[in-house]
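Listed below are the residues making up each chain.
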Amino acid sequence: MTASNRHDGSGDDAAHLRGLLPDAPEWDLTPTRHLHHRNVLLREIDQEQTAAPTPVTPALQRRWLRPVFLLPATAMALAGALILTLPGTEQEPGAKAEATDAKHAAANGVVLTLDRIAAASMEVDVEPVRDDQFVYVRSLVRGNEGAFDGPVKLGAPHRREIWVSQDSAPITRTGVIRESGKGVPMSGQRIPIETAAPDGSAEQGVPAGIDRPTYQWLAKLPTDTDALRKLLYAQTRPLENESKDQAVFRKIGDLLNETVMPPANAAALYKTVATIPGVSVTPDATDAAGRHGIGITREETGAATRDEWIFDRNSFTLLGSRSYLTHTAGTKPSTLYNSTAIMETGVVDRDDREPTDKQKTA
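Counting of residues starts from 1 at the beginning of each chain's written sequence and follows it residue by residue. With pLDDT at 70 or above as the cut-off, local features in this predicted model cover only qualifying residues; side-chain atom pairs require 80 or more to be listed or tallied, and sums for whole chains, interfaces and linings still use all residues. To obtain the side-chain values, all non-hydrogen atoms of the structure were used and water was disregarded.

Draft legend 1. Local environment of the nonpolar core. Counting residues in hydrophobic clusters, the biggest one holds 47 residues, and the most contacted among them are L232, I252, L269, Y270, V273, I296 and W309. Secondary structure counts use DSSP, requiring at least four H or I residues in a row for a helix and at least two E residues in a row for a strand, with both numbered from the N terminus. If one sorts the elements of this core by residue count, helix α8 (residues 263-273) sits on top with six residues. Residues are treated as being in contact if the distance between any of their heavy atoms lies within 4.5 Å. In this structure L232 touches I210, V248, I252, L255, L269 and T272, once residues within four positions along its chain are discounted. Put simply, buried Ala, Val, Leu, Ile, Met, Phe, Trp, Tyr and Cys residues joined by side-chain atoms within 4.5 Å make one nonpolar core. Partly exposed residues are those whose accessible area sits between 20% and 50% of the maximum for their type, while under 20% is buried and over 50% is exposed, using a 1.4 Å probe and protein chains only. Membership of the second largest hydrophobic core comes to five residues, among which are Y136, W163, V176 and V348.

Listed below in structure tokens is the structure:
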């Protein structure tokens, strides 16, 4: 696979960027900017300090509680490296210019990274999924098991399987979920997923759409970045204390997670992420299975959360995600409260079957 962007950088800084995104031969940032800002890209990223447990607020508790009557979706909103200026601290003109240049360098890094992820998604061979089939995803997940409005208590990793209906017509039963592991409620039992309409009614069911994405619906999305961005901003509803940018960021994560779609649509979604303010790159991120990769992140200050998607360093396939509470008063800057690892994806004809090797897409 070849990168679509080039520059003539060399030396330690080029090596640093190759370490961030392996196999990319060159990057379109100047060597001078590399020298000034390579460390800035690592500053403030994914720092975890020991401190008292983070209290869970009611609003945040609602974010990770997922009733089975709602279509589950991994909270894959993005967060990242912030260039911070302490209140009351004046910067020299040179420092201000350096901070500005560093922001530009970080923005370029995000675009280049997501371009490579988009290019990798175009290489995936995807068979069209019929309306009568199900997308199957097996994951390893860790979630908060702390008391409501109490400190975060991250549970042990456990197995999660989901069968998502691809029926485009209005339906109420949208799939089946099964979670297995020590301490998991109803461990090993198959639980139907039932989804009500936004107004609460369920008699007519819910059609395919932005809140219930199917292969056929995703295939009809615009592949032009501007058109897709306009559609997503128009149709996405923010949660409590959530900005519109974060809402779209989260929604794109939902559309990419536990779905199968044509490569061109996946690539368009990744390119759209690069247009959302506040998105950045984490050089090293770890999923629930302990696999290391590159993180695409965004921090939402209004909700004091930071979410991260994790991609394989070589294939750029999606490995999983993790979510943090951030900068809550009297607590440490980052507290992990959710982590996932996608272990297997496939397409099956029934919601009680696991995919054969030929039916697996990842």
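Draft legend 2. The environment of A304, seen in detail. Within the secondary structure layout, A304 lies in the loop between β6 (292-300) and β7 (305-311). Sequence-wise, A304 and N241 are 63 residues apart; in three dimensions their C-alpha atoms are separated by 9.2 Å.

Draft legend 3. Spotlight on the packing of aromatic side chains. What counts as a ring pair is set by centres within 6.5 Å for rings of Phe, Tyr and Trp (its six-membered ring), and what kind of pair is set by the plane angle: stacked under 30 degrees, edge-to-face over 60, tilted for all other angles. Under the definition given, this model contains four aromatic pairs. Relative to F311, the ring of W309 has its centre 6.5 Å away and its plane inclined at 70°; by these criteria the two rings are edge-to-face. Take W309: its relative accessible area is 1%, and that puts it in the buried class. Judged by relative accessible area, which is 0%, F311 ranks as buried. Among the aromatic residues, those joined into a cluster by ring pairs are F249, Y270, W309 and F311. Directly above the ring of Y324 sits R306, whose terminal nitrogen or CZ lies 4.3 Å from the centroid. Charges are assigned to positions over rings by a cutoff of 6 Å between ring centre and Lys NZ or Arg CZ, combined with an angular limit of 35 degrees from the ring normal.

Draft legend 4. Structural view of the packing of helix α7 (residues 244-256) against α8. Every axis in this analysis is a line fitted to C-alpha atoms, fitted for helices over the stretch in contact. Angles between the N-to-C directions lie between 0 and 180 degrees. Contact geometry of α7 with α8 gives a least axis separation of 10 Å together with a crossing angle of 160°. It follows that α7 is roughly antiparallel to α8 by the angle criterion. Between α7 and α8 lies a crossing of left-handed hand. Residues F249, I252, L255 and L256 of α7 form the contact with α8, whose participating residues are A266, L269, Y270, T272 and V273. Looking at the contact of α7 with α8 residue by residue, the classes come out as eight nonpolar, one polar and no charged. Oblique is the label for any angle not covered by the other classes, which are roughly parallel (under 35 degrees), roughly antiparallel (over 145) and roughly perpendicular (65 to 115). With the far helix as reference, a near helix turned anticlockwise by less than a right angle produces a left-handed crossing, and one turned clockwise produces a right-handed crossing. Note on residue classes: Ala, Val, Leu, Ile, Met, Phe, Trp, Tyr, Cys and Pro are nonpolar, Asp, Glu, Lys and Arg are charged, and everything else, Gly too, is polar.

Draft legend 5. View of the environment of L112. Topologically, L112 is positioned in helix α4 (residues 93-121). Distance from L112 to A274, taken between C-alpha atoms, is 8.8 Å for residues 162 residues apart in sequence.

Draft legend 6. Quick look at the side chain of E344. One can find E344 in strand β9 (residues 334-348). A relative accessible area of 10% places E344 in the buried class. Nitrogen and oxygen atoms within 3.5 Å of one another constitute a polar contact, given that in protein one can donate a hydrogen and the other can accept it, and given that sequence-neighbouring residues count only through two side-chain atoms. At 3.2 Å, the side chain of E344 and the side chain of K360 are in polar contact. E344 has contacts with Y136, V137, R138, P355, K360 and A362, leaving out every residue within four places of it along the chain.

Draft legend 7. Structural detail: the sheet that holds strand β4 (residues 191-194). Any two strands with at least two DSSP-identified bridges between them are counted as paired. Taken together, the nine strands give an open sheet; going across it, the order is β4-β3-β2-β1-β9-β8-β7-β6-β5, and neighbouring strands pair in antiparallel fashion. Looking along the sheet, the strands with just one partner apiece sit at the ends: β4 and β5 (279-286). Adjacent strand axes in the sheet meet at a mean angle of 25° when their direction is disregarded. Two elements, β6 and β7, share seven bridges in a ladder whose sense is antiparallel. Bridge pairing links E299 to R306 in β7. Here α8 sits on the sheet and contacts β5, β6, β7 and β8 (318-326); the angle it forms with β7, its principal contact strand, is near 140°.

Draft legend 8. Focus on the pattern of salt bridges. Any Lys or Arg side-chain nitrogen found within 4 Å of a carboxyl oxygen on Asp or Glu counts as a salt bridge. This structure, assessed with the given rule, holds 25 salt bridges. We note a salt bridge from D132 to R130, for which the minimum N-O separation is 2.9 Å. Of the residues examined, R130 reaches a relative accessible area of 42% and is grouped as partly exposed. Put simply, E258 and R160 hold a salt bridge, and the shortest N to O gap is 2.3 Å. You can see E258 sitting in the loop between α7 and α8 and its partner R160 sitting in strand β2 (residues 158-165), a full 98 residues away along the chain. As far as the burial class goes, E258 and R160 line up, both buried.

Draft legend 9. Highlighting the confidence of the model for the chain. On a scale of 0 to 100, pLDDT captures the predictor's confidence in every residue. Of all residues in the chain, 67% attain a pLDDT of 70 or more, and the chain-wide mean is 77. Here residues 1-90 scores under 50 on pLDDT; set against residues more than four positions off or in separate chains, the count is 221 contacts.

Draft legend 10. Summary view of the pairing of strand β3 (residues 173-180). In terms of strand pairing, β2 meets β3 through six bridges, oriented antiparallel. From the neighbouring strand, W163 faces β3, where its bridge partner is V176. Pairing of β3 with β4, which is carried by four bridges, proceeds in the antiparallel orientation. Bridged to R173 within β4 is E194.

Draft legend 11. Quick look at α7. Helix length check: α7 (13 residues) gives 18 Å between terminal C-alpha atoms against 18 Å at 1.5 Å per residue, within 8%. Within α7, eleven of the 13 residues are buried, which leaves the element mostly enclosed by the surrounding structure. Among all positions of α7, only Q246, A247, V248, F249, R250, K251, I252, G253, D254, L255 and L256 are buried. Remark: E258 follows α7 within two positions and exhibits a positive phi of approximately 55°. In this analysis, the expected span of each helix is defined as 1.5 Å times one less than the number of residues it contains.

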